[in-house]
Amino acid sequence: MKKIAEYNAGEPFDLFLLIKQSTKGVTTQGKPFMTLILQDKSGDIEAKLWDTTDEHAKTYAAASIVKVGGEVHEYRGKNQLRIKSIRPVKEDEGVAIADLVPSSATSKEVLYEELMQYFFEMQNPQIQRITRHLLKKHQTAFMTYPAATRNHHDYVSGLIDHVVSMLKLGKSLADLYPSLNKDLLYAGIILHDVGKVIELSGPIATQYTIEGNLLGHITIMVNEISKAADELEITGEEVMLLQHMVLSHHGKEEWGSPKRPMLKEAEILHYIDNIDAKMNMLDRALGKTAPGEFTERIFPLDNRSFYKPSID
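Position numbers for residues start from 1 in each chain and track the written sequence from start to end. Totals for whole chains, interfaces and linings use every residue, but because this is a predicted model, local features are given only for residues with pLDDT of at least 70 and side-chain atom pairs only at 80 or more, for both listing and counting. Only hydrogens and water are set aside; all other atoms, that is, all heavy atoms of the structure, feed into the side-chain values.

Peer 1: Help me get a handle on helix α9 (residues 216-232), residues and values and all.
Peer 2: A run of DSSP states H or I qualifies as a helix once it reaches four residues; a run of E qualifies as a strand once it reaches two. Both are numbered from the N-terminal end. Multiply 1.5 Å by the residue count of a helix minus one, and that product is the helix's expected span. Between its first and last C-alpha, α9 extends 24 Å over 17 residues, near the 24 Å set by a 1.5 Å rise per residue. Residue exposure (1.4 Å probe, protein chains only): buried if accessible area is under 20% of the type maximum, exposed if over 50%, otherwise partly exposed. Those residues of α9 lying buried are Gly216, His217, Ile218, Ile220, Met221, Val222, Glu224, Ile225, Ala228, Ala229 and Leu232. By definition in these notes, contact holds between two residues if any of their heavy atoms fall within 4.5 Å. Check the buried side of α9 and you find it contacts α3 (125-137), α6 (182-191), α7 (196-199), α8 (210-214) and α10 (237-247). Immediately beyond the C-terminal end of α9, within one or two residues, lies Glu233, with a positive phi of roughly 55°.

Okay, here's the thing in structure tokens:
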């Protein structure tokens, strides 16, 4: 059976899909509607439900499985679903959430084992202890959570997938530029997004938690580093440097960074994070694009479309 990412504009569909996100809205004419983000293992797609009621909001809440019929169409450079029929899944249809949730191509156990190898290259005992402590504290969630609600690594085990990919890139850069402090760089890569296990609700139908909305993963992680240092009775510059790595990894204030990078390793961390996120978005968009054609518009990449060459 075809997956949702394999459908082109104009094609009819009739699929079981998981509601990843469900939000209510009101048109300019004052009529209620709902925006649904629907997904299967191949990815997700947006759809609208018009003239909705409170009952619709309960029936089509996030984490619900539905049978959806309609047609794919293009809207502002992106595929959307034009829904003609929708209903909740029936128990005897044998469809489970696990059948519809995308996950990392590499198992979380293999990814975690790869990550742990980087500790052997770290020499500063204070940095290593704080990083190990926080990784162990949040290990279960860290291995299963996505790295975001949308756009990049937004799938089961996406967070650890993102971090291991960043560590590989960080190692290559550290080998090329040996003046980089590997302890700071590796610890910053490992810790920079761990706060997302508190910021986000989990790997299924991911939403922002109350802490996520009020504090955000950066503030959460800076506090976690401080608590870890207290629990381990660690003082010294290392604590502040790790906090700065987390505080500055978004690079600019307008991108959500409380501080701009003021360490060489923090500057590199920002670039590595940005590269890996954008490569993930591009790989996924190009993966569902035929050679010789353009991808759908990718909003986080300035709403650009990218060409997939037909050459080998």
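Peer 1: Just give me the short version of the pattern of salt bridges, but keep the residues and values in it.
Peer 2: Throughout this description, the term salt bridge denotes a Lys or Arg side-chain nitrogen within 4 Å of a carboxyl oxygen of Asp or Glu. Throughout the structure, instances matching the rule amount to 21 salt bridges. Connected via shared salt-bridge partners are Lys20, Asp44, Arg150, Asp154 and Arg284.

Peer 1: Lay out the side chain of Glu238 with the relevant residues and their values.
Peer 2: Note on placement: Glu238 falls in helix α10. Notably, Glu238 is buried but unbridged: the nearest opposite-charge side chain belongs to Arg129, and the N-O separation is 9.9 Å. If sequence neighbours within four positions are ignored, Glu238 has contacts with Asn124, Gln126 and Ile127. The sign given to each residue is positive for Lys and Arg and negative for Asp and Glu; His and the chain ends receive no count.

Peer 1: Now, about the packing of aromatic side chains: what can you tell me, with residues and values included?
Peer 2: Between 30 and 60 degrees the pair is tilted, below 30 it is stacked and above 60 it is edge-to-face, where a pair is any two Phe, Tyr or Trp rings, Trp via its six-membered ring, whose centres lie within 6.5 Å. The final tally for this structure, using the stated rule, is four aromatic pairs. The interplanar angle of 40° and the centroid separation of 5.3 Å between the aromatic rings of Phe33 and Trp50 together place this pair among those described as tilted. Of the two residues, Phe33 sits in strand β2 (residues 32-40) while Trp50 sits in strand β3 (residues 43-50), which places them 17 residues apart along the sequence. Look at Phe33 and you get buried, because its relative accessible area is 14%. A ring pair is formed by Tyr118 and Tyr186, whose centres lie 5.3 Å apart and whose planes are at 90°; its orientation type is edge-to-face. Of the two residues, Tyr118 is situated in the loop between α2 (108-116) and α3 and Tyr186 in helix α6; the sequence distance between them amounts to 68 residues. For the cation-ring pair, Lys67 lies above Phe16, with the distance from its terminal atom to the ring centre recorded as 4.9 Å. Two limits define a charge over a ring: the Lys NZ or Arg CZ must be within 6 Å of the ring centre, and within 35 degrees of the ring normal.

Peer 1: Residue-level account of the packing of α6 against helix α11 (residues 264-287), with values.
Peer 2: Axes, fitted as lines to C-alpha atoms, cover a helix only where it is in contact. Angles between the N-to-C directions of the axes lie from 0 to 180 degrees. Where α6 contacts α11, the axes come no closer than 9 Å and their chain directions differ by 40°. The orientation of α6 with respect to α11, classified from their angle, is oblique. Seen from above, α6 lies across α11 with right-handed handedness. Two secondary-structure elements touch here, α6 through Leu184, Leu185, Gly188 and Ile189 and α11 through Glu265, Ile268, Leu269 and Ile272. Note that Gly is not counted as nonpolar here; it falls among the polar residues with everything else outside the nonpolar set of Ala, Val, Leu, Ile, Met, Phe, Trp, Tyr, Cys and Pro and the charged set of Asp, Glu, Lys and Arg. When the residues that make up the contact of α6 with α11 are grouped by side-chain class, the tally is six nonpolar, one polar and one charged. Just so you know how the angles are binned, under 35 degrees is roughly parallel, over 145 roughly antiparallel, 65 to 115 roughly perpendicular, and the rest oblique. For any helix crossing, the convention is left-handed if the near helix is rotated counterclockwise from the far helix by under a right angle, and right-handed if that rotation is clockwise.

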